[in-house]
Amino acid sequence: MSSQSSPHHVLVLNCGSSSLKFAILDATTSEEIISGLAERLGSSSPSVKYKYLGKKQLIELAPNQAHSAAIDTLVSLINEHHLAENLIAVGHRVVHGGEHFTKSVLIDDDVIKGITQAATLAPLHGHANLLGIAAAQASFKGLPQVAVFDTAFHQTMGNVAYLYALPYKLYTDYGVRRYGFHGTSHYYVSGQTAVLLNQPIEQSNFISAHLGNGCSVCAIKNGKSVDTSMGLTPLEGLMMGTRSGDIDPGLFNFLTTQLNYDAQQIDDLLNQQSGLLGISELSNDCRTIEEAAVAGNEKAILALEMFCYRLAKQIAAFMVPLQRLDALIFTGGIGENSDIIRDKVITQLSYLGLDCDSTSNLAARFGTQGVISSNNAKTKAVVMPTNEEWIIALDAASIAQEL
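Criteria and cut-off values
Residues numbered from 1 in each chain as written. Predicted model: local features only at pLDDT ≥ 70, side-chain atom pairs only at ≥ 80, totals over all residues. Heavy atoms only, no water. 1 Å grid on protein atoms, 1.4 Å probe; cavity = no way out; pocket = protein on both sides within 12 Å on 5 of 7 lines; lining within 4 Å. Points joined across faces, edges and corners; volume = space filled by probe spheres on them. Nonpolar A, V, L, I, M, F, W, Y, C, P; charged D, E, K, R; others polar. UniProt positions renumbered as here; feature names shortened; annotations may be inferred. Helix = DSSP H or I, 4+ residues; strand = E, 2+ residues; numbered from the N terminus. Buried < 20%, exposed > 50% of the residue type's maximum accessible area, 1.4 Å probe, protein only. Contact = heavy atoms within 4.5 Å. Polar contact = N/O pair within 3.5 Å; in protein donor to acceptor, adjacent residues only side chain to side chain. Arc of directions from axis to C-beta. Phe/Tyr/Trp six-rings, centres within 6.5 Å; stacked < 30°, edge-to-face > 60°. Lys NZ or Arg CZ within 6 Å of the ring centre and 35° of its normal. Pairing = 2+ DSSP bridges. Core = buried A, V, L, I, M, F, W, Y, C linked by side-chain atoms within 4.5 Å.

A. Quick look at the layout of surface pockets. Quantified by volume, the second largest pocket comes out at close to 640 Å³. Along its surface, the second largest pocket is lined by 22 residues, and Leu232, Thr233, Leu235, Glu236 and Phe252 are the ones closest to its centre. Classifying every residue of the lining of the second largest pocket gives 13 nonpolar, 5 polar and 4 charged.

Shown next as structure tokens:
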């Protein structure tokens with residue numbers, strides 16, 4: 001039977017901290033029916049870009065409009081083009097599953113409760129994830145809704161990697177541990193890189209760097225996550241767009257006793273005012289900072305140097321669990337498009353056998369994949385566009401078809 005008479009179309013919603021990626025995919029053929037990105041949500045110039053029937057369109061949203069307006073626009077597009085009738089499921093990227101969820105699940109009231117509890121650990125994403133679920137439930141009644149968790153891929157980490165050096169009861173009683181995020185992305189790009197390099201994933205050691213407004217590094221040994229840079233929340237680890245990454249925990253006491261910060265002010269400072277934005281005092285958008293750096297802006301230059309230094313240092317640390325590295329993978333909006341950052345990071349890691357071929361590096365952007373190291377490099381550097389939507393669609397369709 002054809003996919004038209006027996007459709008397997010899945011609407012995938014990926015609600016990020018300042019964006020909403022969406023797509024309708026055929027989970028059998030991987031054909032993309034419609035796809036788009038609502039970006040710069042909450043800013044002065046939010047917009048929705050989408051592609052349908054080979055044509056790209058742009059819808060400008062009102063200033064400061066956020067996720068709810070983007071979802072309303074998406075629902076209107078689906079109805080306008082009569083795309084709802086072939087849907088079999090809605091798949092949601094959910095950032096935090098805590099220890100409640102170790103695999104993708106059908107969403108019901110208990111799952112909503114678990115996601116809500118875990119959402120407090122991912123403050124920039126939790127509300128957006130729940131908003132997307134609620135909107136889809138209201139707009140597509142009767143369709144199975146499936147949650148696919150960023151944390152699931154990292155459930156293979158050992159306790160030496162996921163435990164904090166805190167009183168053990170905080171873990172047993174309250175689940176305080178490292179969970180890690182971007183798991184769907186790390187899982188996908190590691191598998192695709194194994195295919196690219198023509199080696200079995202079960203025998204591959206990779207370090208995957210997912211770099212966007214949120215950033216994380218994952219150590220992947222024989223195809224499984226053994227360590228990752230994000231922790232209990234997506235705040236730990238690398239310097240990011242607006243997030244600080246690793247800091248001295250003693251800063252909390254300083255901010256409260258010396259500057260009279262309360263808990264919410266500290267949370268806002270670390271999650272929304274720091275990172276590239278905090279250092280550059282310009283933007284959290286890497287493209288803007290790179291342009292300013294080229295023009296000689298000293299704070300922009302410093303922000304990029306800090307970003308690359310911290311990233312290189314984290315990659316080097318993950319040689320401890322891996323011992324052998326087959327490839328360093330760059331993915332995410334920054335990882336896939338910033339030749340400047342890739343070159344800076346690879347240069348600092350030359351002792352690992354990495355190098356950067358300038359021609360290949362410059363050519364790797366806008367969705368292209370490939371090796372960007374020279375033929376003589378002992379360790380390969382790879383750019384691999386992520387496709388979290390495809391993994392989400394596969395899981396959602398599988399669960400829907402079991403009902």
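From this point, the discussion proceeds with the structure in view.
B. Spatial organisation of the UniProt feature "active site" (unreviewed entry) in the protein chain. Per the UniProt entry, the sites bearing "active site" (unreviewed entry) are Asp150 in this numbering. In this fold, Asp150 is placed in the loop between β8 (145-149) and α4 (159-162). Overall, Asp150 belongs to the buried group, its relative accessible area being 0%. Once residues lying within four places of it in the same chain are set aside, the contact partners of Asp150 are Arg93, Val94, Val95, Gly180, Phe181, His182, Gly183, Thr184 and Glu388. For Asp150, the side chain forms a polar contact with the side chain of Arg93, separated by 2.7 Å.

C. Summary view of helix α14 (residues 339-348). Looking at α14, one finds that the buried residues are Asp339, Ile341, Arg342, Val345 and Ile346. Each buried residue of α14 lies within a common arc of 160° when the element is viewed along its axis, so the set occupies one face.

D. Expanded view of the packing of aromatic side chains. Using the criterion set out here, one finds 4 aromatic pairs in the structure. Between Phe101 and Phe149, the ring centres sit 4.6 Å apart and the planes meet at 5°, which makes this aromatic pair stacked. Of the two residues, Phe101 is situated in the loop between β6 (87-94) and β7 (105-106) and Phe149 in strand β8; the sequence distance between them amounts to 48 residues. Ring geometry for Tyr162 and Tyr171: centres 5.8 Å apart, planes at 45°, overall tilted. Under the relative-accessibility criterion, Tyr171 is labelled buried at 16%. These aromatic residues form a ring-pair network of at least three members: Tyr162, Tyr168 and Tyr171. Positioned over the ring face of Tyr162 is Arg177, at 3.9 Å from the centre of the ring.

E. Representation of the pairing of β8 in the model. Burial runs high along β8: 5 of the 5 residues are buried. What you see with β8 is no split at all: Gln145, Ala147 and Phe149 on one side and Val146 and Val148 on the other are buried throughout. Pairing analysis gives 5 bridges linking β6 to β8, with the strands arranged parallel. Following the sheet pairing, Val94 is matched in β8 by Phe149. Two strands pair when backbone bridges link them, and β7 and β8 are joined in this way by 2 bridges, in the antiparallel orientation. Within the sheet, the bridge partner assigned to Val105 lies in β8 and is Ala147.

F. Quick peek at the nonpolar core. Counting residues in hydrophobic clusters, the biggest one holds 43 residues, and the most contacted among them are Ile207, Leu211, Phe307, Leu311, Ile341 and Val345. Mapped by element, the contributors of at least two residues to this core are β9 (205-211), β10 (215-221), α10 (286-294), α11 (298-317), α12 (319-322), β12 (327-331), α14 and β14 (380-383). The biggest single contributor to this core is α11, with 8 residues. With near-sequence residues (within four places) excluded, Phe307 lies in contact with Leu211, Cys215, Met239, Leu276, Ile334 and Ile341.

G. How the structure looks around the side chain of Thr242. Mapping Thr242 onto the fold places it in the loop between β11 (224-228) and α7 (250-258). Polar side-chain contacts of Thr242 include one of 2.7 Å to the backbone oxygen of Asn271.

H. Just the pairing of strand β3 (residues 32-39), in detail. A large share of β3 lies buried, amounting to 6 of its 8 residues. In this sheet, β3 lies alongside strand β2 (residues 20-26) in antiparallel orientation, the contact comprising 6 bridges. When the sheet's bridge partners are listed, Phe22 is paired in β3 with Gly36. Taking the residues between adjacent antiparallel strands as the criterion, β2 and β3 are bridged by 5 residues, where Ser30 takes a positive phi near 70°. Alignment of β3 against strand β4 (residues 47-52), held across 6 bridges, turns out to be antiparallel. Paired with Ser35 across the strands is Lys51, a residue of β4.

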